[in-house]
Amino acid sequence: MRMLSSFTAMLAAAPAPAIPRTVKTADNVYTYEDYHAGDEQFTTTNMFVVMDGGALVADGQGSPVATKGLIDAIAKVTLRPIKYVVVYSDHGDHTGGNVSFPSGITYVIHPASRATLERRPNGWKPLSNAQVVADKLPLKLGGEDVEIVFLGRAHTGGDLSAFLPRQRSRFCARRFSAASSPRCDRRIHANG
């Protein structure tokens, strides 16, 4: 089975010139990789699945501009609308750009992440119609099966993953990291 992970990897050298880039990893499954410079240099990886009924996106980016880059990359692959955005991590580097996603989409979020985001004084807040997933949510969009699953606490208290049975692919946000495995942020979710 393919395991895709959206983790922050510290880079020691300059990024390859092909970033940002979109990579097809399986039938109808793509990753979008972007490089972020500054005091901390890191890459981010998002997954998106293109189905007959629309696209499902795994996580946003940390800013509206970076998320717009993700949306533009998806538009180069498909004209189908984004139907779902799964919130895999409640940290700002995953949700800070969610305001750039088009209206009318359905956000999928774990209860712990929803509670964390609603408590933050600043930043993106989940929409009232967000679909809350405590354990498992089977989705069928245009004939394609996707299972959104909570595998247990990882980096945040509400880390979700997506499993695509036909492609035998799983996308996990922040479950694994270059520094440790799994990577848990105990300062935020000490009781989670």
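Residues numbered from 1 in each chain as written. Predicted model: local features only at pLDDT ≥ 70, side-chain atom pairs only at ≥ 80, totals over all residues. Heavy atoms only, no water.

Colleague: I tried to follow the packing of aromatic side chains on my own but got confused; where do I start?
Modeller: Ring pairs (aromatic) are described by centroid distance and by the angle formed between their planes. This model, assessed by the stated rule, comprises four aromatic pairs. Ring centres 5.4 Å apart and planes at 90 degrees place the aromatic pair Tyr88 and Phe171 in the edge-to-face group. Separated by 83 residues along the polypeptide, Tyr88 in the loop between strand 7 (82-86) and helix 2 (92-95) and Phe171 in strand 13 (residues 169-173) bring together distant segments of the chain. For Phe171, a relative accessible area of 0% corresponds to the buried category. (Phe/Tyr/Trp six-rings, centres within 6.5 Å; stacked < 30°, edge-to-face > 60°. Helix = DSSP H or I, 4+ residues; strand = E, 2+ residues; numbered from the N terminus. Buried < 20%, exposed > 50% of the residue type's maximum accessible area, 1.4 Å probe, protein only.)

Colleague: Quick question: what am I supposed to make of the pairing of strand 4 (residues 29-36) here?
Modeller: Among the eight residues in strand 4, eight count as buried, and that is most of the element. Burial along strand 4 is two-sided: Val29, Thr31, Glu33 and Tyr35 facing one way and Tyr30, Tyr32, Asp34 and His36 facing the other are all buried. The pairing of strand 3 (residues 21-26) with strand 4 spans five bridges and is classified as antiparallel. Following the sheet pairing, Ala26 is matched in strand 4 by Val29. (Pairing = 2+ DSSP bridges.)

Colleague: Can you help me understand the environment of Pro111 in this one?
Modeller: Relative to the assigned elements, Pro111 resides in helix 3 (residues 111-119). When the C-alpha atoms of Pro111 and Val132 are compared, they prove to be 6.1 Å apart, with 21 residues separating the residues in sequence. For Pro111, the residues in contact, after removing those within four places along its chain, are Val132, Val133 and Ala134. (Contact = heavy atoms within 4.5 Å.)

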